[in-house]
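Survey of secondary and tertiary structure
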Amino acid sequence: MLRRTLPKNVTLVGLRQDRMLNEAFGTGDPLKLMRLFGITAQTAMRYVSAACPERTAKLPR
């Protein structure tokens, strides 16, 4: 039913990804993303890194 109401170029997966990225922008907390969306730590960190690159530590080379 929901798929019929969405525009042709919008997918449910795309909506979920957009929601996760929006939450990452808002909180920057990977643990919250993991609990809220049921994703792995690695996936949560990818969203936080994309949303808040200044919050993610980079090791010196």
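Our subject is the structure that appears above.
Here goes a summary of the coordinates provided.

**A short note on the packing of helix α3 (residues 30–37) against helix α4 (residues 41–51)**
At their nearest, the axes of α3 and α4 sit 9 Å apart, and the two run at 120 degrees to each other. On the basis of their axis angle, the class for α3 and α4 is oblique. Considering how the two elements wind past one another, α3 and α4 form a crossing that is right-handed. Here P30, L33 and M34 of α3 come into contact with α4, specifically with A41, A44, M45, Y47 and V48. Taken together, the residues of the contact of α3 with α4 sort by class into eight nonpolar, no polar and no charged.

**Details of the nonpolar core**
Counting residues in each nonpolar core, the largest one holds ten residues, listed as M20, A24, L33, F37, I39, A44, Y47, V48, A51 and C52. Residue contacts for V48: discarding those within four places in its chain leaves A24, G28, D29, P30, L33, P53 and T56.

**What about the pattern of salt bridges?**
With the rule as written, the count across this model stands at two salt bridges. For the salt bridge of R19 with E23, the shortest nitrogen-to-oxygen distance reads 3.0 Å. Residue R19 and its partner E23 are both found in helix α2 (residues 12–27); the two are separated by four residues, about one turn of the helix. Because the salt bridges share partners, they merge into one network encompassing R19, E23 and K32.

**Topic: the environment of G28**
Here G28 lies in the loop between α2 and α3. Taking C-alpha positions, G28 is 33 Å from M1, a pair spaced 27 residues apart along the chain. Excluding its chain neighbours within four sequence positions, the residues that come into contact with G28 are E23, V48, C52 and R55.

**Things to note about the packing of α2 against α4**
Helix-helix packing is characterised by the crossing angle of the two axes and by the distance between the axes. Remark: α2 packs on α4, axes separated minimally by 8 Å, with the N-to-C direction vectors making an angle of 65 degrees. Viewed along their axes, α2 and α4 form a crossing whose handedness is right-handed. Seen from α2, the contacting residues are Q17, M20, L21, A24 and F25; seen from α4, they are Y47, V48, A50 and A51. The residue inventory of the contact of α2 with α4, partitioned by class, reads eight nonpolar, one polar and no charged.

About the criteria used
Residues numbered from 1 in each chain as written. Predicted model: local features only at pLDDT ≥ 70, side-chain atom pairs only at ≥ 80, totals over all residues. Heavy atoms only, no water. Axes fitted to C-alpha atoms, helices over the stretch in contact; angles between N-to-C directions. Helix = DSSP H or I, 4+ residues; strand = E, 2+ residues; numbered from the N terminus. Parallel < 35°, antiparallel > 145°, perpendicular 65-115°, else oblique. Left-handed = near helix turned anticlockwise from the far one by under 90°. Contact = heavy atoms within 4.5 Å. Nonpolar A, V, L, I, M, F, W, Y, C, P; charged D, E, K, R; others polar. Core = buried A, V, L, I, M, F, W, Y, C linked by side-chain atoms within 4.5 Å. Buried < 20%, exposed > 50% of the residue type's maximum accessible area, 1.4 Å probe, protein only. Salt bridge = Lys/Arg side-chain N within 4 Å of Asp/Glu carboxyl O.

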